[in-house]
Amino acid sequence: MDRPVGPRFPGEVKNTLILAGTGKTGRRIATALTAAGHPVRTVSRTAGDVRLDLDDPTTWPAALDGVGAVYLVEPNPHAAGGDPPRLARLATAAVESGARRLVMLSAPGADDEHHPFHATEQTVRESGAEWTILRPNWFSQNFSEDFWLPVIRGGTLALPTGDGRVPFVDAQDIADVAVAALTEDRHAGQVYELSGPRAIGFGEAAELIAKASGRPLEYVAVTPTAYLEQQLANGVPELIARRFTDLVSSVSTGAHEALGDGVERALGRSPRRFEDFVVETAASGCWS
Ligand SMILES: NC(=O)c1ccc[n+]([C@@H]2O[C@H](COP(=O)([O-])OP(=O)(O)OC[C@H]3O[C@@H](n4cnc5c(N)ncnc54)[C@H](OP(=O)(O)O)[C@@H]3O)[C@@H](O)[C@H]2O)c1
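Because the structure is a prediction, the values reported are computed rather than measured.

Draft legend 1. View of empty space enclosed by the protein. By the definition in use, this model includes 1 cavity of 30 Å³ or more. As a volume, the largest cavity reaches approximately 30 Å³. Ile152, Ile209, Ala210, Ser213, Arg215, Pro216, Leu217 and Trp287 are the residues that line the largest cavity. Grouping the constituent residues of the lining of the largest cavity by class yields 6 nonpolar, 1 polar and 1 charged.

Draft legend 2. Structural view of helix H6 (residues 171-183). Across its 13 residues, H6 extends 18 Å between first and last C-alpha, which sits within 8% of the 18 Å expected from 1.5 Å per residue. Counting buried residues along H6, 11 of its 13 residues qualify, which places the element largely inside the surrounding structure. Regarding H6, the residues found buried are Ala171, Asp173, Ile174, Ala175, Val177, Ala178, Val179, Ala180, Ala181, Leu182 and Thr183. Where H6 begins, one side-chain oxygen reaches toward the backbone nitrogen of Gln172, 2.8 Å away; that side chain belongs to Asp170.

Draft legend 3. Examining the pairing of strand E6 (residues 130-136) more closely. Buried residues dominate E6, accounting for 6 of its 7 residues. Two elements, strand E5 (residues 101-105) and E6, share 5 bridges in a ladder whose sense is parallel. Looking at E6, one finds that Arg101 is bridged to Glu130. For the crossover that starts at E5, traverses helix H4 (residues 118-125) and ends in the parallel E6, the hand is right-handed.

Draft legend 4. Representation of the nonpolar core within the structure. Counting residues in each nonpolar core, the largest one holds 53 residues, and the members touching the most others are Leu19, Ile29, Val70, Tyr71, Leu72, Leu90 and Leu134. Looking at which element gives the most residues to this core, the answer is H6, with 7 residues. Ignoring anything within four residues of it in the chain, the contact list for Leu134 reads Tyr71, Val103, Met104, Leu105, Ser106, Ala107, Ile174, Val177, Ala178, Tyr192 and Leu194. Counting 28 residues, the second-largest nonpolar core is a separate cluster that includes Leu208, Phe274, Val278 and Trp287.

Criteria and cut-off values
- Note that residues are indexed from 1 along each chain, following the sequence as it is written.
- Under the rules for a predicted model, residues below a pLDDT of 70 receive no local features and side-chain atom pairs below 80 are neither given nor counted, while totals for whole chains, interfaces and linings still include all residues.
- Side-chain measures here rest on the full set of heavy atoms in the structure, leaving out hydrogens and waters.
- A cavity, in this analysis, means grid points on a 1 Å lattice covering only the protein atoms where a 1.4 Å probe fits yet has no way out; a pocket is instead an open set bounded by protein on both sides within 12 Å along at least five of seven lines, and a residue lines either one if it has an atom within 4 Å of a point.
- Grid points are joined across faces, edges and corners, and a volume is the space filled by probe spheres set on the points.
- Residues are grouped as follows: Ala, Val, Leu, Ile, Met, Phe, Trp, Tyr, Cys and Pro are nonpolar; Asp, Glu, Lys and Arg are charged; every other residue, Gly included, is polar.
- Under the DSSP-based scheme used, a helix requires at least four consecutive residues in state H or I and a strand at least two consecutive residues in state E, with every element numbered from the N terminus.
- To estimate the expected span of a helix, count its residues, drop one, and scale the result by 1.5 Å.
- Only protein chains enter the accessibility calculation, which uses a 1.4 Å probe; a residue is then buried when its area is under 20% of its type maximum, exposed when over 50%, and partly exposed in between.
- Whenever two N or O atoms come within 3.5 Å, that pair is a polar contact, provided that in protein one can donate a hydrogen and the other can accept it, and provided that, for residues adjacent in sequence, both atoms are side-chain atoms.
- The criterion for strand pairing is that DSSP finds at least two bridges linking the strands in question.
- Look down the strands so they point away from you; if going from the first strand over the helix to the second traces a clockwise path, that crossover is right-handed.
- Take the buried residues of types Ala, Val, Leu, Ile, Met, Phe, Trp, Tyr and Cys, join any two whose side-chain atoms come within 4.5 Å, and each joined set is a nonpolar core.
- Working rule for contacts: check all heavy atoms of both residues, and any pair within 4.5 Å makes them a contact.

Shown next as structure tokens:
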């Protein structure tokens with residue numbers, strides 16, 4: 001039987017702690033849980049209900065007090081290392097503080113021991129809590145709430161992605177699966193690979209965004225070197241620029257094309273389509 005992560009006995013109110021609570025998935029999870037009547041505590045460094053800095057463990061006890069379930073997010077994959085990684089240490093502290101359910105936002109490929117999230121996934125699996133791991137492909141909302149928004153407004157999407165394709169996943173689908181995992185027992189021990197229903201090339205993505213927004217948007221395939229230089233010129237630190245260039249360039253090899261069945265397995269429905277994402281997002285005015 002499914003049970004809420006809220007009260008387990010009369011008088012006890014257990015919060016669900018949501019890391020990156022102002023971010024693309026955390027914000028949507030908090031909205032849905034609150035609407036369903038679950039007590040929620042969002043955290044981040046600068047906003048949210050309580051301040052929590054993953055780099056400052058002195059901020060953790062107050063954030064973890066009275067928490068029954070945690071949505072775990074490492075906002076910066078470049079900070080995912082360490083021995084143990086900071087998010088793994090937070091997961092351990094959460095269980096020691098009384099949390100009984102952990103839902104981790106990870107990424108595809110984390111079975112590989114060299115993957116930045118591998119060690120944290122292992123800690124979560126061995127934590128003693130019920131756990132669920134979400135491995136989403138690239139978010140559709142990267143075009144509307146993150147790094148590609150400014151370039152879309154500029155009219156040119158210049159990327160080293162060649163003809164590679166990505167089955168972009170809607171952040172709302174990730175949030176819906178996270179909410180299910182945080183509130184229903186049947187997701188314990190599951191790893192959900194999350195994607196949209198089909199892989200889309202960046203040329204087609206640009207066409208769909210242009211059509212929905214009514215503004216011109218051209219996709220231009222550039223070399224990894226040109227992309228790296230563009231980031232360095234924009235002031236991105238070199239290590240981050242190089243890693244991001246490697247990640248984005250790997251799309252051209254087809255490395256991100258695989259579909260995931262996690263939305264269907266967790267929710268019993270198909271994932272949202274990119275075509276619908278662009279129509280809804282254009283209506284919000286963010287590309288105008
Ligand atoms: N974007 C994608 O396509 C994609 C695909 C697969 C997996 N992922 C994974 O998803 C995760 C989330 O990435 P995202 O870009 O979507 O982030 P996000 O959730 O949109 O936003 C980052 C959030 O983290 C908070 N934050 C940043 N540094 C923090 C710190 N030191 N301590 C506590 N909170 C902190 C930020 O608020 P403050 O600034 O106020 O702290 C903000 O709420 C990453 O692990 C990424 O690898 C992303």
